[in-house]
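Examining the three-dimensional arrangement
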Amino acid sequence: MQATRILERIEIDHTTLDLFVMDEQDGLPIGRPHITACIDKYSALIPGWHIGFQDGGYEAIMLCLRHAILPKPEYRKRYGTQHDYPVYGLFEKLCIDNGRDFKSRDLREALAEMGIIREAMPNETPWFKGSIERYFRTVNQRLLKGTPGYTFGNVLQLGDYDAQKDAVISLSAFLEIFHIFMVDIYPYSWHSGLEAMPMQHWEKSWDLFSPDLFEDASALRIILLPAEERLLQARGIEWEWNFCRGPELARLRELHGKEKVRFKYDPDNLDVIYVR
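Throughout what follows, the structure given in this document is the object of discussion.

What counts as what
Residues numbered from 1 in each chain as written. Predicted model: local features only at pLDDT ≥ 70, side-chain atom pairs only at ≥ 80, totals over all residues. Heavy atoms only, no water. Helix = DSSP H or I, 4+ residues; strand = E, 2+ residues; numbered from the N terminus. Buried < 20%, exposed > 50% of the residue type's maximum accessible area, 1.4 Å probe, protein only. Contact = heavy atoms within 4.5 Å. Lys, Arg positive; Asp, Glu negative; His and termini not counted. Charge placed at Lys NZ, Arg CZ, Asp CG, Glu CD. Arc of directions from axis to C-beta. Polar contact = N/O pair within 3.5 Å; in protein donor to acceptor, adjacent residues only side chain to side chain. Axes fitted to C-alpha atoms, helices over the stretch in contact; angles between N-to-C directions. Parallel < 35°, antiparallel > 145°, perpendicular 65-115°, else oblique. Left-handed = near helix turned anticlockwise from the far one by under 90°. Nonpolar A, V, L, I, M, F, W, Y, C, P; charged D, E, K, R; others polar. Pairing = 2+ DSSP bridges. Salt bridge = Lys/Arg side-chain N within 4 Å of Asp/Glu carboxyl O. Core = buried A, V, L, I, M, F, W, Y, C linked by side-chain atoms within 4.5 Å.

1. A look at the overall build of the protein
What the protein contains, in helices and strands, is nine helices and 12 strands. Seen through its C-alpha atoms, the protein measures out along the principal axes to roughly 65 × 50 × 40 Å. By the burial criterion, 47% of the 276 residues in the protein qualify as buried. Residue pairs in contact within the protein that sit at least 24 positions apart in sequence constitute 66% of those at least 6 positions apart. Positive and negative side-chain charges in the protein, numbering 33 and 42 respectively, have mean positions lying 5 Å apart.

Below is the structure:
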């Protein structure tokens, strides 16, 4: 399916990068980073990405989507890029595969609350999300190939080469290289499929179809948080061996009695939950 404007159709997926990075403190390899990224079908630009060492999962999807929708940080100050990265906004449709994390209730509810259509691809049809697959190949082959610690996607190509032993790039150095590539190089390189540079496509479409913006970053953050269900007891809600309590929960129990409630939580701060 072809897109006619930016942020009309977004593809998202995970992959493991073909590079071992090392710990800055002890110099030992800490593994291959995982990237969750989404690509704008019309411009071939990447509105959002998340890099970590957890293989997929809803938390990575959440952070990727938050990064995609909100205006970007000042990469000039953080990573010394030459350009800003004005690629953001609410999109119309998110194309997913059949991974469990992409089919989760958390993602369905978050997309529904933002008014984004969720489109699941048929089983075993990676070509339906060909744009994001091509982007992952571009990162591995144009950015990483030849770098010390690079490991081939096909283990047969490794031979006697030990990628872990050869790793010399720290995680912070890799992040700097990656962001310079994403902000300064990839958007301004010729794209044969577009017959233009991706940023040119984005800017022309932005002038014609200015995307909707999500102005309340705090509200977006809560919408994208993962959710759980627990029984509302007299002492509150028991979550991660703690009881969350407050006058709001007491009033909720007066209205509805002892029943299960659904709430959102921040994986980085389990002392707080968000209940409707």
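2. What about helix α7 (residues 198–208)?
If you check which residues of α7 are buried, you get Pro-198, Met-199, His-201, Trp-202 and Ser-205. The arc enclosing the buried residues of α7, seen along the axis, measures out at 155°, which places them on a common side. For α7, the exposed residues set more than 90 degrees away from the buried face come down to Lys-204, Asp-207 and Leu-208. Summarising the contacts, the buried residues of α7 are in contact with β4 (34–40).

3. Observations concerning the environment of Phe-102
Inspection of the secondary structure puts Phe-102 in the loop between β6 (93–96) and α3 (105–114). What makes Phe-102 buried here is its relative accessible area of 1%. In sequence terms Phe-102 and Phe-209 are 107 residues apart; their C-alpha atoms lie 28 Å from each other. Those residues in contact with Phe-102, other than ones at most four positions away along the chain, are Ile-12, Asp-13, His-14, Ile-61, Ile-96, Asp-97, Leu-107 and Arg-118.

4. Some words on the side chain of His-67
Position of His-67 among the secondary structure elements: in helix α1 (residues 58–69). A distance of 2.7 Å separates polar atoms of two side chains, one belonging to His-67 and the other to Tyr-75. Other than its neighbours up to four places away in sequence, His-67 contacts Pro-47, Gly-48, Trp-49, Lys-72 and Tyr-75.

5. Remarks on the packing of α1 against α3
α3 packs onto α1 with a crossing angle of 20° between their chain directions and a minimal axis gap of 11 Å. Viewed along their axes, α1 and α3 adopt a mutual orientation that is roughly parallel. The two elements α1 and α3 meet at a crossing, and its hand is right-handed. Contact with α1, carried on its side by Tyr-58, Ile-61, Leu-65 and Ile-69, involves Asp-106, Leu-107, Ala-110, Leu-111 and Met-114 of α3 and no other residues of that element. Of the residues assigned to the contact of α1 with α3, the class counts are eight nonpolar, no polar and one charged.

6. A few points about the sheet that holds strand β11 (residues 260–266)
Strand order in the open sheet formed by five strands is β10-β9-β8-β11-β12, with antiparallel pairing between adjacent strands. This sheet does not close on itself; its edge strands, each paired only once, are β10 (242–244) and β12 (269–275). Each adjacent strand pair in this sheet contributes to an overall mean axis angle of 45°, direction not counted. Here strand β8 (residues 227–233) pairs with strand β9 (residues 236–239) via two bridges, running antiparallel. From the neighbouring strand, Gln-233 faces β9, where its bridge partner is Gly-236. Across the sheet, helix α9 (residues 247–256) lies against β8, β9, β10, β11 and β12, angled at about 70° from β8, the strand it touches most.

7. Thoughts on the pattern of salt bridges
All chains considered together, the criterion is met by 13 salt bridges. Between Glu-8 and Arg-5 there is a salt bridge, with its nearest N and O atoms 3.8 Å apart. A relative accessible area of 13% places Glu-8 in the buried class. For Asp-106, the salt bridge is made with Arg-262, and the minimal N-O distance between the two is 3.1 Å.

8. Some words on the nonpolar core
Inside soluble globular proteins, nonpolar side chains tend to come together where they are buried. Tyr-85, Met-114, Tyr-135 and Phe-178 are the most contacted members of the largest nonpolar core, which has 60 residues in total. No other element matches the seven residues that α1 contributes to this core. Judged by nonpolar contacts, the second largest core, of 10 residues, contains Leu-232, Ile-237, Val-261 and Tyr-265.

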